[in-house]
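Structural characterization, general
Residues per chain, in single letters:
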Amino acid sequence: MEDKKITNTAKWLIRIWNIGLFAAVWFGYYNSKTYDEHWLYGGIASCIAYVVVYSWFCNTYHVFRLASSSVSDSVFGQIVAIGVSDLALYLESCVSRHDFINVLPGLLVAVAQILGSAFFVVRVKAYFTKYLAPQKMLMIYGSSIKREEAGRFCSLLERKYPYIFEFICLKQEEMTKDEFLSVLKECDSVMLYEISHGLRGEFMKVCTEEKKGFYFTPRIEDIFCQGSEEKNLTDTPLLKYKYVYEMKSGYFGKRAFDLVLSAFFLIVMSPVFLVTALCIKLEDGGPVFYRQERCTKNGRVFEILKFRSMVVNAEEDGAKPCTENDVRVTRIGKLIRATRIDELPQIINILKNDMSFVGPRPERVEHVEKYSKEMPEFSYRFRVNGGLTGYAQVWGKYNTSAYDKLRYDLMYIENQSFYLDFKILVLTFRTVFKSESTEGFDKKENSSDMHVTTKPSRTLQKVKGV
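Presented here is an overview of the structure given in this document. (Residues numbered from 1 in each chain as written. Predicted model: local features only at pLDDT ≥ 70, side-chain atom pairs only at ≥ 80, totals over all residues. Heavy atoms only, no water.)

**Looking at helix α7 (residues 199-209)**
To keep it simple, the criterion reads: Exposure categories follow from relative accessible area, calculated using a 1.4 Å probe and restricted to protein chains: below 20% of the type maximum is buried, above 50% is exposed, and the middle band is partly exposed. Helix and strand definitions here come from DSSP, where helices need a minimum of 4 consecutive H or I residues and strands a minimum of 2 consecutive E residues; each element is numbered from the N-terminal end. Of all possible arcs, the one meant is that of the directions from the helix axis to the C-beta atoms.
Within α7 the residues assigned to the buried category are R200, F203, M204, V206 and C207. Along the axis of α7, the buried residues cluster in a sector spanning 165°; they form a single face. K211 sits one or two residues past α7 and shows a positive phi near 55°.

Here it is as structure tokens:
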């Protein structure tokens with residue numbers, strides 16, 4: 001509870017700081033140049049518009065989730081929210097004036113807003129790290145999960161959020177209720193990690209009876225429920241599955257959105273296309289584009305386009321995932337992979353209706369065959385067109401496990417809408433600046449646990465049950 005009080009206090013201080021500075025510069029300089037008449041009402045309307053835009057971007061980037069977001073993510077989100085909001089209102093002033101207005105006052109205020117926000121975020125994080133005691137956690141993992149994998153997952157959480165999680169006990173799901181109650185007394189919360197069907201409900205029931213908090217990993221059927229709607233037909237509650245992805249109105253709107261946006265980006269990004277193509281050609285004289293067969297809606301195979309980032313014969317011995325510091329990546333390839341420029345030619349695939357801007361990433365044909373055998377639910381991804389970006393790309397990493405990516409993709413499919421597509425596109429902007437989102441596969445990890453580190457938990461080494 002203490003972290004929520006601190007987070008809420010910091011949130012309102014940051015809001016007051018940023019909105020207050022904007023209001024000061026707007027009424028002190030820009031408002032009189034924007035409105036000749038009704039300047040007071042116009043100024044109030046402009047401030048309200050600023051608050052709406054600023055708040056939407058803050059919520060989209062989760063900038064006020066200070067406990068569970070890194071300093072870099074929170075500050076980056078504030079930069080985007082402040083930058084877009086300030087720019088939107090500055091452009092409003094210019095359009096209303098039919099002339100460019102001095103940008104310096106607004107620029108100075110934007111710098112002050114960003115510095116003030118960064119100060120609050122850093123101080124709150126420092127306080128959390130120094131003074132907050134983490135929750136004592138009990139990890140219960142499913143019988144299909146190896147103990148080492150569960151331990152690595154604990155280690156990952158402890159490393160990223162040391163002021164939130166401290167795992168003091170690690171147990172497999174096959175325990176009696178008395179055993180569970182015994183270890184539960186020593187813990188604040190429980191992590192239910194890939195628990196078998198039927199047992200998860202029992203653990204949840206006990207947690208609620210004992211008023212203990214709990215986290216759990218969702219099963220595929222949990223995600224399907226997100227695509228259902230309530231039906232009050234009798235006195236028995238009913239849920240009906242909606243097949244959101246088959247609604248024609250949604251598909252038409254999505255296709256129109258893809259066509260307009262892809263045409264726009266092809267025109268705007270044409271200089272980047274030309275410079276990138278020239279650099280690739282000059283480096284080794286090889287082809288500019290890399291073509292690869294991928295699967296999209298209904299399993300249809302198409303050729304995906306990318307700027308070539310590896311040497312010409314990179315896959316002569318068969319397809320291999322890119323690893324960190326991979327020698328096959330060219331000098332230009334390192335740059336365009338880090339900035340995601342190598343993905344830009346897929347705009348052409350979007351124009352051809354092979355892909356959409358937002359959707360599950362199209363997989364290689366050989367990967368589809370492999371994953372479909374390991375995970376029968378994998379075929380559900382082909383209900384919609386593959387995408388340039390998606391839930392898995394925004395919230396996961398390049399080396400996130402196939403099963404976790406599948407769950408993210410199904411979450412998108414069951415909740416897709418124009419609003420969600422727009423939100424994912426906005427969040428994709430952040431992934432360009434996150435190095436961890438493009439890191440390669442570690443050679444020591446396999447496909448089933450590639451999303452966690454191989455170091456054992458520092459805390460788990462010292463506690464019982466391990």
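**Observations concerning the pattern of salt bridges**
Using the following cut-off: Here a salt bridge means any side-chain nitrogen of Lys or Arg lying within 4 Å of a carboxyl oxygen belonging to Asp or Glu.
Taken as a whole and assessed by the stated rule, the structure comprises 18 salt bridges. Residue K254 pairs with D421 through a salt bridge whose shortest N-O separation is 2.6 Å. Remark: D421 occurs in helix α16 (residues 418-431) and K254 occurs in helix α9 (residues 248-268); sequence separation between them is 167 residues. Taken individually, K254 and D421 each receive the classification buried, so the pair is uniform in this respect.

**Here's the deal with the packing of aromatic side chains**
This is how the line gets drawn: Here a pair means two rings of Phe, Tyr or Trp (six-membered ring of Trp) with centres within 6.5 Å. Their orientation is stacked below 30 degrees between planes, edge-to-face above 60, and tilted elsewhere.
The final tally for this structure, using the stated rule, is 31 aromatic pairs. With a centroid separation of 5.0 Å and an interplanar angle of 40°, the aromatic rings of Y127 and Y131 are classed as tilted. Of this pair, Y127 and Y131 both sit in helix α4 (residues 104-131), four residues apart, which is roughly one turn of that helix. When the ring of F180 is compared with that of F203, the centres are 4.9 Å apart and the planes differ by 80°; the resulting orientation is edge-to-face. Highlighted residues: F180 in helix α6 (residues 177-184) and F203 in helix α7, separated in sequence by 23 residues.

**Observations concerning the side chain of R200**
Put simply, the rule is: Whenever a nitrogen or oxygen atom comes within 3.5 Å of another N or O atom, the pair is scored as a polar contact, on the condition that within protein one atom can donate a hydrogen and the other can accept it, and that pairs from neighbouring residues in sequence are kept only if both atoms are in side chains. Two residues qualify as a contact provided that any one of their heavy atoms is within 4.5 Å of a heavy atom in the partner residue.
By secondary structure assignment, the location of R200 is in helix α7. For R200, a relative accessible area of 9% gives the class buried. Among the polar contacts listed, one links the side chain of R200 to the backbone oxygen of T217, at a separation of 3.4 Å. Excluding residues within four positions of it along the chain, R200 makes contact with L192, I195, F216, T217, P218, R219 and D222.

**Points about the sheet that holds strand β10 (residues 363-364)**
Selection criterion: The pairing criterion for strands is at least two bridges between them, as found by DSSP.
The three strands are arranged β8-β7-β10 in an open sheet whose pairing can be described as antiparallel. Each of the sheet's edge strands pairs with one partner strand only, and the pair in question is β8 (301-307) and β10. Relative to β10, strand β7 (residues 289-295) runs antiparallel, the two being bridged by two bridges. Note that in β10 the partner of C295 across the bridge is E363.

**Let's talk about the sheet that holds strand β2 (residues 165-172)**
To keep things clear, this is the line we draw: Only the stretch in contact is used when fitting a helix axis, every axis being a line fitted to C-alpha atoms; angles between N-to-C directions are given from 0 to 180 degrees.
Read across the open sheet, the four strands follow the order β2-β1-β3-β4; overall the sheet is parallel. Looking at strand neighbours, the two that pair on one side only are β2 and β4 (213-216), the edges of this open sheet. Neighbour-to-neighbour, the strand axes of the sheet open up by a mean angle of 25°, direction not taken into account. Note: strand β1 (residues 135-141) against β2, seven bridges, orientation parallel. Bridge pairing in β2 places M137 opposite F167. Strands β1, β3 (189-193) and β4 of the sheet are contacted by α7, whose axis makes an angle of about 160° with β4.

**Looking at the nonpolar core**
Quick reminder of the rule: Here, nonpolar core refers to any group of buried Ala, Val, Leu, Ile, Met, Phe, Trp, Tyr and Cys residues whose side-chain atoms link them within 4.5 Å.
Core analysis: the biggest nonpolar cluster contains 80 residues, and Y54, Y61, F128, M139 and F167 have the highest contact counts within it. Among the elements that line this core, the one with the most residues is helix α3 (residues 71-97), at eight residues. Look past the residues within four positions of M139 in its chain and what remains in contact with it is A150, F153, C154, F167, C169, L170, K171, M191 and Y193. Ranked by size, the runner-up nonpolar core spans 16 residues in total, among them L138, V183, M204 and C207.

**Some thoughts on a nonpolar patch on the surface**
Keep this limit in mind: The patch calculation keeps residues exceeding 30% relative accessible area without a salt bridge and links them within 9 Å when they carry like charges or within 5 Å when they are nonpolar (Val, Leu, Ile, Met, Phe, Trp, Tyr). Areas reported as accessible are Shrake-Rupley estimates using a 1.4 Å probe. Residue values count occlusion only from the protein chains shown.
On the surface, F27, W39, L40, I44, I48 and V52 cluster together to form a nonpolar patch covering roughly 580 Å² of accessible area. Within the secondary structure, I48 sits in helix α2 (residues 39-60). A residue is classified by how much of its surface remains accessible, and I48, at 52% relative accessible area, is exposed.

**Considerations on the pairing of β4**
Defined as follows: Crossover handedness is defined here as right-handed if the route from the first strand over the helix to the second strand goes clockwise, with the strands pointing away from the viewer.
In the sheet, β3 pairs with β4 via four bridges, with the strands oriented parallel. For L192, the partnering residue across the bridge sits in β4 and is F216. Taken together, β3, α7 and β4 constitute a β-α-β crossover, and its handedness is right-handed.

**Comments concerning the packing of α2 against α3**
Note the threshold: Here roughly perpendicular refers to angles of 65 to 115 degrees, roughly parallel to angles under 35, roughly antiparallel to angles over 145, and oblique to all remaining angles. Left-handed is the label given to a crossing in which the near helix is rotated counterclockwise from the far helix by less than a right angle, and right-handed is the label when the rotation is clockwise. For this scheme, ten residues count as nonpolar: Ala, Val, Leu, Ile, Met, Phe, Trp, Tyr, Cys and Pro. Four count as charged, namely Asp, Glu, Lys and Arg, and the remainder, Gly too, count as polar.
At a closest axis distance of 8 Å, the pairing of α2 and α3 adopts a crossing angle of 150°. When the axis of α2 is compared with that of α3, the two are roughly antiparallel. When you trace α2 past α3, the crossing you get is right-handed. Between α2 and α3, the residues in contact are S46, Y50, V53, Y54, F57 and C58 and Q78, V80, A81, I82, V84, S85, D86, L89 and E92, respectively. Taken together, the residues that form the contact of α2 with α3 break down as 10 nonpolar, three polar and two charged.

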